[in-house]
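Reading the structure
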Amino acid sequence: MSDEPTAPSFRSDVTVELVRSAAADSDVIWAARVSTAGEQSLEAVQQDPEKSKGLINFLMRDRHGTPFEHNSMTFFISAPIFVFREFHRHRSGWSYNEESGRYRELQPVFYVPAEERKLVQQGRPGRYEFVDGTPEQHKTTTEAMEAAYREAYARYQEMLAAGVAREVARAVLPVGLFSSMYATCNSRSLMHFLSLRTKRENSAVPSFPQREIEMVAEQMEQEWARLMPLTHAAFEKHGRVAP
Ligand SMILES: Cc1cc2nc3c(=O)[nH]c(=O)nc-3n(C[C@H](O)[C@H](O)[C@H](O)COP(=O)(O)OP(=O)(O)OC[C@H]3O[C@@H](n4cnc5c(N)ncnc54)[C@H](O)[C@@H]3O)c2cc1C
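Presented here is an overview of the structure given in this document.

Cut-offs used in this document
Residues numbered from 1 in each chain as written. Predicted model: local features only at pLDDT ≥ 70, side-chain atom pairs only at ≥ 80, totals over all residues. Heavy atoms only, no water. Near = heavy atom within 4 Å. Polar contact = N/O pair within 3.5 Å; in protein donor to acceptor, adjacent residues only side chain to side chain. Areas by Shrake-Rupley, 256 points an atom, 1.4 Å probe, with all protein chains shown as cover. Axes fitted to C-alpha atoms, helices over the stretch in contact; angles between N-to-C directions. Helix = DSSP H or I, 4+ residues; strand = E, 2+ residues; numbered from the N terminus. Parallel < 35°, antiparallel > 145°, perpendicular 65-115°, else oblique. Left-handed = near helix turned anticlockwise from the far one by under 90°. Contact = heavy atoms within 4.5 Å. Nonpolar A, V, L, I, M, F, W, Y, C, P; charged D, E, K, R; others polar. Pairing = 2+ DSSP bridges. Salt bridge = Lys/Arg side-chain N within 4 Å of Asp/Glu carboxyl O. Buried < 20%, exposed > 50% of the residue type's maximum accessible area, 1.4 Å probe, protein only. 1 Å grid on protein atoms, 1.4 Å probe; cavity = no way out; pocket = protein on both sides within 12 Å on 5 of 7 lines; lining within 4 Å. Points joined across faces, edges and corners; volume = space filled by probe spheres on them.

This part takes up the site of the ligand. If you check the shell around the ligand, you find Arg89, His90, Arg91, Ser92, His192, Leu196, Arg197, Ser207 and Phe208 and nothing else. Arg89 is positioned with one of its side-chain polar atoms (N or O) 2.8 Å from an oxygen atom of the ligand. Contact distances for the ligand include 2.7 Å between an oxygen atom and a side-chain N or O atom of His192. Summarising the interface, the protein chains cover 44% of the accessible area of the ligand, which totals 940 Å² for the free molecule.

What follows is the structure, encoded as structure tokens:
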């Protein structure tokens, strides 16, 4: 086997994989119906799908949030470190485990924006928009990022080769480095995350997330909508506000 260090590679996408789930609309119904049906609430779930839809809509509209917590989804996510910095701010109803830069040598996979990524910010904070960059701006961005990444990773390797500990050498690596983590949530905590980390016309409270975390959020939302279609539809109907 060669001892040559791996050459840096560059990515413009993020990956999200649903690795485990116990999440269905019926989980919301039985949790809510315990209020009135007690231990018969599980049977109540099977009885009338239209009633179930109505109940989920009512819970969402009136922000009765706790019935949306009795489910679980675990995602495996690969994204740049700057996305994880934003992600880990979501504390309530989330569990995280991320790969270690102390226990393993970090692999040289780095983020560069795709051509369709809007590059130029206009306006002032809180009221700005992003517009397309010129081909020259894209070229400058790609070249600058790749050069900085290559230099940083070469210095990291230099320190490791000199016997410096990984936890010290990693200080030179930039936030565009890809990391990976497991993130476990329930539908209520996911809705809170989605309300802040996606930008949609139908949001009652608009948010302006960074595009790269939105790319992660969009993939998570697709998986969740497949598992809990009635809950997802109610979230959409009531302005994407977490109950
Ligand atoms: C567009 C955008 C821009 C941002 N810009 C910045 C920035 O410039 N600087 C910065 O530091 N952060 C920034 N953030 C992060 C933001 O401040 C939040 O940390 C992040 O969105 C997580 O939201 P949260 O606290 O509501 O989520 P969670 O931590 O998951 O909390 C969910 C809900 O639980 C309740 N809750 C949780 N903890 C407490 C508590 N300790 N006390 C009372 N209630 C609690 C609240 O109701 C909260 O909304 C930004 C976020 C977005 C979406």
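After that view of the structure, there is still more to cover.
Turning our attention to the packing of helix α7 (residues 187-197) against helix α8 (residues 211-227). α8 packs onto α7 with a crossing angle of 140° between their chain directions and a minimal axis gap of 10 Å. With respect to their mutual orientation, α7 and α8 come out oblique. The hand of the α7/α8 crossing is left-handed. Residues Ser187, Leu190, Met191, Phe193, Leu194 and Arg197 of α7 pack against Ile213, Glu214, Ala217, Met220, Glu221 and Trp224 of α8. In the contact of α7 with α8, the residues fall into eight nonpolar, one polar and three charged.

What follows is about the pairing of strand β6 (residues 120-124). Direction of pairing for β6 relative to strand β7 (residues 127-131): antiparallel, over a ladder of five bridges. Following the sheet pairing, Val120 is matched in β7 by Val131. In textbook terms, the turn of a hairpin is the stretch between consecutive antiparallel strands, and for β6 and β7 this stretch comprises two residues, one of which, Gly126, has a positive phi near 90°.

A few words now on the environment of Val112. Relative to the assigned elements, Val112 resides in the loop between β5 (109-111) and β6. With near-sequence residues (within four places) excluded, Val112 lies in contact with Phe10, Arg11, Ser12, Met145, Glu146 and Tyr149.

The subject of this paragraph is the pattern of salt bridges. Tallying each qualifying case throughout the model produces 18 salt bridges. The partner of Arg117 in a salt bridge is Glu212, with the nearest N and O atoms 2.9 Å apart. Pair noted here: Arg117 is in the loop between β5 and β6 and Glu212 is in helix α8, with a separation of 95 residues, a long-range link. Glu212 matches Arg117 in its accessibility class, with the two residues each being buried. Where Lys118 meets Asp132, a salt bridge forms, and the shortest distance between an N and an O atom there is 3.5 Å. Pair noted here: Lys118 is in the loop between β5 and β6 and Asp132 is in the loop between β7 and α5 (135-161), with a separation of 14 residues, a long-range link. Judged by its relative accessible area of 53%, Asp132 falls in the exposed class.

A separate point is the sheet that holds strand β8 (residues 178-185). Sheet architecture is open: four strands sit in the order β2-β3-β8-β4, paired in antiparallel fashion. Two strands bound the open sheet, and with one partner strand each, they are β2 (15-22) and β4 (94-98). Taking each pair of neighbouring strands and ignoring which way they run, the sheet shows an average axis angle of 20°. Sheet strands in contact with α7 are β3 (72-80), β4 and β8, and its direction is about 75° off that of β4. In the packing of α8 onto the sheet, contacts are made with β2, β3 and β4, and the angle to β2 comes to roughly 30°.

Empty space among the atoms can be located by rolling a probe the size of a water molecule over them. By volume, the largest pocket amounts to about 570 Å³. Considering the residues around the largest pocket, the lining is formed by 18 residues, among which Arg117, Phe130, Pro209, Arg211 and Glu214 are closest to the centre. Listed by contribution, the elements that provide at least two residues to the lining of the largest pocket are β7 and α8. The class makeup of the residues in the lining of the largest pocket is seven nonpolar, two polar and nine charged. Taken as a whole, the second largest pocket holds about 230 Å³ of empty space. Lining the second largest pocket are 13 residues, with His90, Arg91, Ser92, Trp94 and His192 sitting closest to its centre. The leading source of residues in the lining of the second largest pocket is α7, at five residues. Here the residues of the lining of the second largest pocket are counted per class, giving two nonpolar, six polar and five charged.

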